[in-house]
Amino acid sequence: MKILHLDVNHQLIIDQFNELGFSNDEDYTSTKEEIEAKIQNYDGIIIRSRFTIDQTFINKATNLKFIGRLGAGLENIDTAYAKNKNIFLASAPEGNRNAVGEHTLGMLLSLFNKLNTADKEVRSGKWQREENRGVELDGKTVGIIGYGNMGKAFAKKLRGFDVEVVCYDIEGGVGDDRARQVGILELYQKTDVLSLHVPETELTKGMVNTEFIEKFHKPFWLLNTARGKCVNTSDLVKALEDKKILGAGLDVLEYEKSSFENMFNDGNLPDAFQYLVKANNVLFTPHIAGWTVESKQKLAQTIVDKIKDRFC
């Protein structure tokens, strides 16, 4: 098996593939077109989000047996076409789910206790206690949309709090002792905090829009550590202005580039984003919810294990 690595990952993935007798080549700089010119020589590729694996790429990869993506989702791969070509697809949501759960909880507690604004104020010589009075998580209802690896990890982190956790998912029977599965109407009725843990699909793109937000019975806090395009940013701004949304923790943004690596490379930032930048009740991180020292290793190990189980 000859494998081409297209993104830098934890060294264990190459070391363990070597131990299995695989041949490993690394190419982290060539263009997509340059990769396509030689991809027929490889049985497998390892990628994060460097570029899209589309039909043109797959057609040139005439010997490809597997694609390993070190991340939770496969949205940068034409999965239907790859499966039609009998290419095995391996992603690694198990590898960074704990990191996402911890990060989501951290964003929520920071928003509730105004940690980001209070820190900036103290550093600038301001000591404003009443203005930074927080709210407590206990007694709230946390609604989770998407109860797979990431949603379950967040629910696990909430077990130490006196909260009700409910989940909504397009699949039935996913609830457990950490989150009670509910219908969409109950989610609208009860939610104080809404956390998104869904993949990017045609169903989830633009899911959080004005129509969706208006259906909630109470103003709520929004957390998005899933995919940026699930939230319509202009509608989010309107909801913040109208106080339908009390605050937002955003690890991902609608304007991210397809590689997820850089949002600012064209310099054209929309007005809605400029509003969010100035809002004290909005907390940003740069798509790092699953990006820990530990998850880097676990993501690589997960992919190795899945490839090994399939081909060895």
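Going by the structure above, here's the rest.
Overview of the structure. On a predicted model such as this, the values are computed, not experimentally measured, just so you know.

Reading guide: rules and limits
Residues numbered from 1 in each chain as written. Predicted model: local features only at pLDDT ≥ 70, side-chain atom pairs only at ≥ 80, totals over all residues. Heavy atoms only, no water. Helix = DSSP H or I, 4+ residues; strand = E, 2+ residues; numbered from the N terminus. Rg over C-alpha atoms; globule rule 2.2 N^0.38 Å. Buried < 20%, exposed > 50% of the residue type's maximum accessible area, 1.4 Å probe, protein only. Contact = heavy atoms within 4.5 Å. Lys, Arg positive; Asp, Glu negative; His and termini not counted. Charge placed at Lys NZ, Arg CZ, Asp CG, Glu CD. Pairing = 2+ DSSP bridges. Polar contact = N/O pair within 3.5 Å; in protein donor to acceptor, adjacent residues only side chain to side chain. Right-handed = clockwise from strand over helix to strand, strands pointing away. 1 Å grid on protein atoms, 1.4 Å probe; cavity = no way out; pocket = protein on both sides within 12 Å on 5 of 7 lines; lining within 4 Å. Points joined across faces, edges and corners; volume = space filled by probe spheres on them. Nonpolar A, V, L, I, M, F, W, Y, C, P; charged D, E, K, R; others polar. Arc of directions from axis to C-beta.

### Digging into the overall build of the protein chain
Summing up its helical and strand segments, the protein chain has 12 helices and 12 strands in all. Compactness check: the protein chain gives a C-alpha radius of gyration of 21 Å against a globular reference of 20 Å for 312 residues, within 12% of the reference. Taking the principal axes of its C-alpha atoms as reference, the protein chain extends roughly 65 × 45 × 35 Å. When burial is assessed residue by residue, the protein chain has 49% of its 312 residues classed as buried. Partitioning the contacts of the protein chain with sequence separation of at least 6, the portion at a separation of at least 24 is 60%. Between the averaged position of the 40 positive side-chain charges in the protein chain and that of its 45 negative side-chain charges there is a distance of 2 Å.

### Topic: the sheet that holds strand S7 (residues 164-168)
Strand order in the open sheet formed by 7 strands is S8-S7-S6-S9-S10-S11-S12, with parallel pairing between adjacent strands. Edge positions in the sheet fall to strand S8 (180-181) and strand S12 (282-284), since each has one partner strand and no second. Both strand S6 (residues 141-145) and S7 contribute to a ladder of 5 bridges, which runs parallel. Residue Ile-144 lies in a different strand from S7, and its bridge partner there is Cys-167.

### Some points on the side chain of Thr-285
Tracing the sequence through the fold places Thr-285 in the loop between S12 and helix H12 (293-311). In this structure the side chain of Thr-285 is engaged in a polar contact, spanning 3.0 Å, whose partner is the side chain of His-103. Side chain to side chain, Thr-285 and Asp-251 meet in a polar contact 2.6 Å long. Thr-285 has contacts with His-103, Met-107, Leu-250, Asp-251 and Val-252, leaving out every residue within four places of it along the chain.

### Re the pairing of S7
Looking along a regular strand, one sees the side chains alternate between the two faces of the sheet. Handedness of the S6-helix H7 (residues 149-157)-S7 crossover: right-handed. Where S7 meets S8, 2 bridges bridge the pair, whose relative direction is parallel. Across the sheet, Cys-167 pairs through a bridge with Gln-181, a residue of S8.

### Focus: empty space enclosed by the protein
Under the counting rule described, the total for this entry stands at 1 cavity of 30 Å³ or more. A volume near 50 Å³ is recorded for the largest cavity. Considering the residues around the largest cavity, the lining is formed by Asn-224, Gly-228, Val-231, Thr-233, Leu-236, Leu-250, Val-252, Leu-253, Glu-254 and Leu-276. Taken together, the residues that form the lining of the largest cavity break down as 6 nonpolar, 3 polar and 1 charged.

### Some thoughts on helix H6 (residues 115-123)
Taken together, the buried positions of H6 are Asn-116, Thr-117 and Glu-121. End-on view of H6: buried residues confined to an arc of 125 degrees, all on one side of the axis. In this structure, the buried side of H6 is in contact with helix H5 (93-112) and S12. Where H6 terminates, the next one or two residues include Gly-125, which has phi positive at roughly 90 degrees.

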